[in-house]
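Residue-level listing of the chains:
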Amino acid sequence: MRRYLSLLAIPALLASGVAIAQSASDWEIGPVVRGRNYSPGMPGQLSAGRDGPQFTFPTGAREGSVHYVTLPVRSLAGAKELRLRYRIDAGPGTRFIAAENPKAQAAITLYFQRRGDNWSGRGRFEAYRWYAAPATMMPLSPGTHEIAVPLDRSWGAVMHTTARNDPAAFQEALDDAGRVGFVFGSAGGRGHGVYATGPARFTVLDFDIR
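Residues numbered from 1 in each chain as written. Predicted model: local features only at pLDDT ≥ 70, side-chain atom pairs only at ≥ 80, totals over all residues. Heavy atoms only, no water.

1. Describing the pairing of strand 13 (residues 177-185)
So, point 1. Across the nine residues of strand 13, eight count as buried, placing the element largely inside the fold.
So, point 2. Direction of pairing for strand 6 (residues 68-72) relative to strand 13: antiparallel, over a ladder of five bridges. Across the sheet, residue Val69 finds its bridge partner in strand 13, namely Phe182.
So, point 3. In the sheet, strand 9 (residues 107-114) pairs with strand 13 via eight bridges, with the strands oriented antiparallel. Counted as the bridge partner of Ala107 is Gly185 from strand 13. (Buried < 20%, exposed > 50% of the residue type's maximum accessible area, 1.4 Å probe, protein only. Helix = DSSP H or I, 4+ residues; strand = E, 2+ residues; numbered from the N terminus. Pairing = 2+ DSSP bridges.)

2. Re the packing of aromatic side chains
So, point 1. In total, this model carries 19 aromatic pairs according to the counting rule given.
So, point 2. Taking 4.9 Å as the distance between ring centres and 90° as the angle between the ring planes, the aromatic pair formed by Tyr68 and Tyr111 counts as edge-to-face. Within this pair, whereas Tyr68 is found in strand 6, its partner Tyr111 is found in strand 9, the two being separated by 43 residues in sequence. Like Tyr111, Tyr68 is buried.
So, point 3. Ring centres of Phe184 and Phe202 lie 5.5 Å apart, and the angle between their planes is 85°; on these two criteria the pair is classed as edge-to-face. Taken as a pair, Phe184 in strand 13 and Phe202 in strand 15 (residues 200-209) lie far apart in primary sequence, 18 residues in all.
So, point 4. A relative accessible area of 0% means that Phe184 is categorised as buried.
So, point 5. The exposure class assigned to Phe202 is buried, which follows from its relative accessible area of 0%.
So, point 6. Among the aromatic residues, those joined into a cluster by ring pairs are Trp27, Phe55, Phe57, Tyr86, Phe96, Phe182, Phe184, Phe202 and Phe207. (Phe/Tyr/Trp six-rings, centres within 6.5 Å; stacked < 30°, edge-to-face > 60°.)

Below you can see the structure in the form of C-alpha coordinates.
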(Lines give C-alpha, C1' and ligand atoms only; values in the text may rest on other atoms or scores of the structure.)
Protein backbone atom coordinates (compact mmCIF):
# COMPACT_ATOMS: atom_id res chain seq x y z
CA MET A 1 0.00 0.00 0.00
CA ARG A 2 1.20 3.51 -0.76
CA ARG A 3 2.30 5.77 2.06
CA TYR A 4 0.39 9.00 2.49
CA LEU A 5 0.68 11.94 4.78
CA SER A 6 -0.34 12.47 8.35
CA LEU A 7 -1.50 16.06 8.78
CA LEU A 8 -1.96 15.93 12.55
CA ALA A 9 1.40 17.58 13.24
CA ILE A 10 1.71 19.81 10.23
CA PRO A 11 4.27 22.31 11.60
CA ALA A 12 6.77 19.47 12.10
CA LEU A 13 5.84 17.97 8.74
CA LEU A 14 6.53 21.23 6.92
CA ALA A 15 9.86 21.62 8.66
CA SER A 16 11.13 18.08 8.09
CA GLY A 17 9.18 16.80 5.07
CA VAL A 18 8.69 13.46 6.85
CA ALA A 19 5.68 11.44 5.68
CA ILE A 20 3.91 9.43 8.39
CA ALA A 21 1.47 6.64 7.59
CA GLN A 22 -2.16 7.57 8.21
CA SER A 23 -5.06 5.22 8.81
CA ALA A 24 -7.85 5.23 6.23
CA SER A 25 -10.31 5.66 9.10
CA ASP A 26 -8.82 9.10 9.85
CA TRP A 27 -10.41 10.36 6.62
CA GLU A 28 -13.91 11.55 7.56
CA ILE A 29 -16.77 11.48 5.07
CA GLY A 30 -19.22 14.22 5.97
CA PRO A 31 -19.55 16.89 6.96
CA VAL A 32 -20.85 15.91 10.37
CA VAL A 33 -22.82 18.82 11.81
CA ARG A 34 -24.38 18.52 15.28
CA GLY A 35 -24.22 14.74 15.02
CA ARG A 36 -25.76 14.49 11.55
CA ASN A 37 -23.72 13.26 8.59
CA TYR A 38 -24.50 15.33 5.48
CA SER A 39 -23.14 12.68 3.09
CA PRO A 40 -26.30 10.52 3.07
CA GLY A 41 -25.84 6.85 2.36
CA MET A 42 -22.09 7.00 3.01
CA PRO A 43 -19.97 5.45 5.77
CA GLY A 44 -18.31 7.82 8.22
CA GLN A 45 -14.75 7.06 7.07
CA LEU A 46 -12.80 5.83 4.07
CA SER A 47 -11.84 2.16 3.94
CA ALA A 48 -8.39 0.69 3.38
CA GLY A 49 -7.65 -0.37 -0.19
CA ARG A 50 -4.68 -1.93 -1.92
CA ASP A 51 -3.47 1.42 -3.29
CA GLY A 52 -4.76 3.75 -0.58
CA PRO A 53 -7.86 4.92 1.28
CA GLN A 54 -11.01 4.57 -0.81
CA PHE A 55 -14.78 4.82 -0.96
CA THR A 56 -17.53 3.73 -3.34
CA PHE A 57 -19.83 6.38 -4.82
CA PRO A 58 -23.57 5.97 -4.15
CA THR A 59 -25.30 4.76 -7.31
CA GLY A 60 -28.33 6.95 -7.90
CA ALA A 61 -29.84 9.88 -6.03
CA ARG A 62 -31.95 7.63 -3.80
CA GLU A 63 -28.80 5.87 -2.57
CA GLY A 64 -27.21 9.12 -1.31
CA SER A 65 -24.24 11.32 -2.27
CA VAL A 66 -20.70 12.08 -1.13
CA HIS A 67 -19.95 15.68 -0.08
CA TYR A 68 -16.84 16.32 2.08
CA VAL A 69 -13.80 14.05 2.61
CA THR A 70 -11.41 15.55 5.16
CA LEU A 71 -8.55 14.93 7.57
CA PRO A 72 -7.91 16.65 10.91
CA VAL A 73 -5.03 19.13 10.92
CA ARG A 74 -3.59 21.39 13.61
CA SER A 75 -2.64 24.30 11.34
CA LEU A 76 -1.74 25.21 7.78
CA ALA A 77 0.56 28.03 8.87
CA GLY A 78 3.54 28.17 6.51
CA ALA A 79 1.99 25.84 3.95
CA LYS A 80 2.30 26.86 0.29
CA GLU A 81 0.30 24.24 -1.62
CA LEU A 82 -2.17 21.36 -1.30
CA ARG A 83 -1.82 18.43 -3.67
CA LEU A 84 -4.13 15.46 -4.24
CA ARG A 85 -3.47 12.52 -6.55
CA TYR A 86 -6.36 10.11 -6.94
CA ARG A 87 -7.84 7.41 -9.13
CA ILE A 88 -11.43 6.75 -10.14
CA ASP A 89 -12.36 3.25 -11.28
CA ALA A 90 -15.80 3.07 -12.87
CA GLY A 91 -17.90 0.67 -14.89
CA PRO A 92 -18.53 1.31 -18.61
CA GLY A 93 -20.92 4.19 -19.20
CA THR A 94 -20.90 5.35 -15.57
CA ARG A 95 -21.53 9.09 -15.20
CA PHE A 96 -21.10 11.37 -12.19
CA ILE A 97 -24.00 13.61 -11.22
CA ALA A 98 -24.04 16.76 -9.09
CA ALA A 99 -26.70 16.07 -6.46
CA GLU A 100 -27.97 19.65 -6.17
CA ASN A 101 -27.97 20.46 -9.88
CA PRO A 102 -27.88 17.34 -12.07
CA LYS A 103 -27.41 19.46 -15.21
CA ALA A 104 -24.11 20.91 -13.89
CA GLN A 105 -20.68 19.33 -14.30
CA ALA A 106 -19.86 17.12 -11.29
CA ALA A 107 -16.42 17.99 -9.95
CA ILE A 108 -13.94 17.75 -7.08
CA THR A 109 -12.40 20.76 -5.28
CA LEU A 110 -9.65 21.10 -2.66
CA TYR A 111 -10.76 22.55 0.67
CA PHE A 112 -9.82 23.50 4.21
CA GLN A 113 -11.77 24.67 7.24
CA ARG A 114 -10.98 26.77 10.27
CA ARG A 115 -11.59 25.07 13.61
CA GLY A 116 -14.66 26.11 15.60
CA ASP A 117 -16.94 26.56 12.58
CA ASN A 118 -20.66 26.55 13.49
CA TRP A 119 -21.64 25.87 9.82
CA SER A 120 -23.99 28.86 9.69
CA GLY A 121 -21.95 30.66 7.02
CA ARG A 122 -22.97 33.93 8.70
CA GLY A 123 -20.99 36.74 10.28
CA ARG A 124 -17.42 35.74 11.01
CA PHE A 125 -18.25 32.12 10.16
CA GLU A 126 -18.68 33.07 6.51
CA ALA A 127 -14.87 32.99 6.32
CA TYR A 128 -14.31 29.66 8.11
CA ARG A 129 -14.66 27.33 5.08
CA TRP A 130 -12.35 27.87 2.12
CA TYR A 131 -12.50 26.40 -1.37
CA ALA A 132 -9.91 26.41 -4.14
CA ALA A 133 -10.63 28.64 -7.13
CA PRO A 134 -13.28 27.41 -9.61
CA ALA A 135 -10.60 27.21 -12.31
CA THR A 136 -8.89 24.43 -10.33
CA MET A 137 -12.00 22.25 -10.06
CA MET A 138 -11.52 18.86 -11.69
CA PRO A 139 -14.47 17.26 -13.54
CA LEU A 140 -15.01 13.70 -12.35
CA SER A 141 -13.99 10.98 -14.79
CA PRO A 142 -12.34 7.54 -14.64
CA GLY A 143 -8.54 7.39 -14.51
CA THR A 144 -5.68 8.78 -12.42
CA HIS A 145 -5.70 12.53 -11.82
CA GLU A 146 -3.82 15.16 -9.83
CA ILE A 147 -4.85 18.54 -8.43
CA ALA A 148 -2.18 20.88 -7.04
CA VAL A 149 -3.39 24.26 -5.75
CA PRO A 150 -1.24 27.03 -4.20
CA LEU A 151 -2.53 28.47 -0.93
CA ASP A 152 -2.65 31.96 -2.39
CA ARG A 153 -5.23 34.69 -3.00
CA SER A 154 -7.23 32.61 -5.45
CA TRP A 155 -9.18 30.90 -2.64
CA GLY A 156 -12.75 31.83 -1.71
CA ALA A 157 -14.92 31.35 1.37
CA VAL A 158 -18.59 30.42 1.75
CA MET A 159 -20.14 33.47 0.10
CA HIS A 160 -18.42 36.72 -0.84
CA THR A 161 -15.17 36.68 1.12
CA THR A 162 -12.03 35.86 -0.87
CA ALA A 163 -8.37 35.69 0.05
CA ARG A 164 -7.91 38.72 -2.17
CA ASN A 165 -10.52 41.02 -0.61
CA ASP A 166 -9.86 39.86 2.97
CA PRO A 167 -6.32 38.44 3.24
CA ALA A 168 -6.40 38.70 7.04
CA ALA A 169 -9.41 36.34 7.28
CA PHE A 170 -7.71 33.90 4.93
CA GLN A 171 -4.49 33.92 6.95
CA GLU A 172 -6.38 33.47 10.21
CA ALA A 173 -8.14 30.44 8.73
CA LEU A 174 -4.82 28.96 7.60
CA ASP A 175 -3.23 29.54 10.98
CA ASP A 176 -6.17 28.00 12.85
CA ALA A 177 -7.14 25.30 10.33
CA GLY A 178 -8.87 22.25 11.78
CA ARG A 179 -9.64 20.11 8.71
CA VAL A 180 -8.28 19.78 5.17
CA GLY A 181 -9.21 17.67 2.18
CA PHE A 182 -11.56 17.79 -0.80
CA VAL A 183 -15.23 18.20 -1.59
CA PHE A 184 -17.63 17.05 -4.33
CA GLY A 185 -20.29 19.09 -6.08
CA SER A 186 -20.41 21.58 -8.94
CA ALA A 187 -19.34 25.14 -9.68
CA GLY A 188 -22.63 26.43 -8.28
CA GLY A 189 -22.49 24.24 -5.18
CA ARG A 190 -19.03 23.06 -4.22
CA GLY A 191 -19.39 20.48 -1.46
CA HIS A 192 -23.09 19.93 -2.24
CA GLY A 193 -22.59 16.32 -3.23
CA VAL A 194 -22.11 13.88 -6.10
CA TYR A 195 -23.38 10.40 -6.91
CA ALA A 196 -22.67 7.98 -9.77
CA THR A 197 -24.98 6.25 -12.22
CA GLY A 198 -23.11 2.95 -11.92
CA PRO A 199 -20.34 1.22 -9.97
CA ALA A 200 -17.47 3.64 -9.21
CA ARG A 201 -14.66 3.73 -6.67
CA PHE A 202 -12.48 6.68 -5.57
CA THR A 203 -8.95 5.98 -4.24
CA VAL A 204 -6.65 8.53 -2.59
CA LEU A 205 -3.19 7.75 -3.97
CA ASP A 206 -1.41 10.70 -2.34
CA PHE A 207 -2.42 13.78 -0.40
CA ASP A 208 0.19 16.21 0.84
CA ILE A 209 0.93 19.73 1.96
CA ARG A 210 3.98 21.54 0.67
